[in-house]
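# Inside the fold
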Amino acid sequence: MRRRVQLVTLDCALVIAEEGSFLAASRRLGIHHSALSRRIRDLEHSLGTALFERHSGGVRPTLAGAGLLRNLRRVLADLDGTLTMVRTARDVQGGSPATGLEAPLHATEILDAVTDVIRSRPDVSLRLVETKRGAARSP
């Protein structure tokens, strides 16, 4: 069953886990710590489980929270890749040359994107070049 959860709330949960405290996370995010705490409490309530163990030194993910955060990182990486693919397709359709795909994409997603571009713009030629991460790209 899908639940309505705001993406910003999920991002907040990741930052809290990275920072190890609500206060440090609130500083990094630029929001008041009580608003951040309320946001996470509401998320925990909607999920029916605690995501963080609160202690005097900060917070640490519960078992459920660690699982959520692990899967969340994967899902957000997939989402970033999908959004990059859409922007790249938009740039190619608009005539602007794409600089490349930075986010890791599955081979099938790349092939789907290439197929869509070829079908929508038969007048455009594509050249795919594989580079190692961090390697300089030639123009």
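The structure under discussion appears in the preceding block.
Residues numbered from 1 in each chain as written. Predicted model: local features only at pLDDT ≥ 70, side-chain atom pairs only at ≥ 80, totals over all residues. Heavy atoms only, no water.

### A closer look at the nonpolar core
The nonpolar side chains of a soluble globular protein tend to be buried, and buried together. The criterion, for reference: By nonpolar core is meant a set of buried Ala, Val, Leu, Ile, Met, Phe, Trp, Tyr and Cys residues that side-chain atoms within 4.5 Å join together. For each residue, the accessible area found with a 1.4 Å probe, counting protein chains only, is set against the maximum for its type, and the residue is called buried under 20%, exposed over 50%, and partly exposed in between. Starting at the N terminus, helices and strands are each numbered in turn, a helix being any DSSP run of H or I of at least four residues and a strand any DSSP run of E of at least two. In this analysis, two residues are considered to be in contact whenever any of their non-hydrogen atoms come within 4.5 Å of each other.
Ranked by internal contacts, the top residues of the largest apolar core, which has 17 residues, are I16, F22, L36, I40 and F52. For this core, the secondary structure elements donating two or more residues are helix 1 (7-19), helix 2 (22-29), helix 3 (33-47) and helix 4 (63-93). Leaving out residues up to four positions away in the same chain, I16 has contacts with S21, F22, A25, L36, I40, F52 and V59.

### Brief notes about the pairing of strand 1 (residues 52-55)
For clarity, the cut-off: When DSSP finds two or more bridges between two strands, those strands count as paired.
Where strand 1 meets strand 2 (residues 58-61), four bridges bridge the pair, whose relative direction is antiparallel. Along strand 2, the bridge assignment pairs R54 with V59. Once strand 1 ends, the chain turns through two residues before running back antiparallel as strand 2.

### Considering helix 3
For clarity, the threshold we go by: Helix span is expected to be 1.5 Å times the residue number reduced by one. The arc in question is the one traced by the directions running from the helix axis out to the C-beta atoms.
Taking 1.5 Å as the rise per residue, helix 3 with 15 residues should run 21 Å; its terminal C-alpha atoms sit 21 Å apart, in good agreement. Where helix 3 is concerned, the buried positions are L36, I40, L43 and E44. The buried residues of helix 3 all sit within an arc of 100° when viewed along its axis, so they share a single face. Contacts from the buried residues of helix 3 go to helix 1, helix 2 and strand 1.

### Side note on the packing of helix 2 against helix 3
As a reminder of what qualifies: Working convention: axes come from line fits to C-alpha atoms, limited for helices to the stretch in contact. Angles between N-to-C directions cover 0 to 180 degrees. Our angle categories are set so that under 35 degrees counts as roughly parallel, over 145 as roughly antiparallel, 65 to 115 as roughly perpendicular, and the remainder as oblique. Gly is placed with the polar residues, together with every amino acid not listed as nonpolar (Ala, Val, Leu, Ile, Met, Phe, Trp, Tyr, Cys and Pro) or charged (Asp, Glu, Lys and Arg).
Between helix 2 and helix 3, the least distance of the axes is 9 Å, while the angle of their chain directions is 110°. Comparing the axis directions of helix 2 and helix 3 gives the class roughly perpendicular. Residues F22, L23, A25, S26 and L29 of helix 2 lie in contact with helix 3, whose contacting residues are H33, L36, S37 and I40. Tallied by class, residues from the contact of helix 2 with helix 3 come to six nonpolar, three polar and no charged.

### Digging into the environment of H33
Its location among the elements puts H33 in helix 3. You can call H33 partly exposed: its relative accessible area is 38%. Residues H33 and F22 lie eleven residues apart in sequence; the distance between their C-alpha atoms is 6.1 Å.

### Quick word on helix 2
To keep it simple, the criterion reads: Two N or O atoms count as a polar contact when they lie within 3.5 Å, although within protein this holds only if one can serve as hydrogen donor and the other as acceptor, and sequence-adjacent residues are included solely when both atoms are side-chain atoms.
Of the residues making up helix 2, those classed as buried are F22, A25 and S26. End-on view of helix 2: buried residues confined to an arc of 100°, all on one side of the axis. The inward-facing, buried residues of helix 2 abut helix 1, helix 3, strand 1 and strand 2. Capping the start of helix 2 is the job of one residue whose side-chain oxygen sits 3.0 Å from the backbone nitrogen of A24: S21.

### Brief notes about the packing of helix 1 against helix 2
Selection criterion: Each helix crossing is assigned a hand: it is left-handed if the near helix lies turned anticlockwise from the far helix by less than a right angle, otherwise right-handed if that turn is clockwise.
Where helix 1 contacts helix 2, the axes come no closer than 8 Å and their chain directions differ by 125°. Compared by their axis directions, helix 1 and helix 2 come out oblique. In the crossing of helix 1 with helix 2, the sense of the turn from one axis to the other is right-handed. Of helix 2, the residues touching helix 1 (which contributes C12, V15, I16, E18 and E19) are F22, A24, A25, R28 and L29. Of the residues belonging to the contact of helix 1 with helix 2, the class tally is seven nonpolar, no polar and three charged.

Remember, this is a structural readout, not a statement about activity or role.
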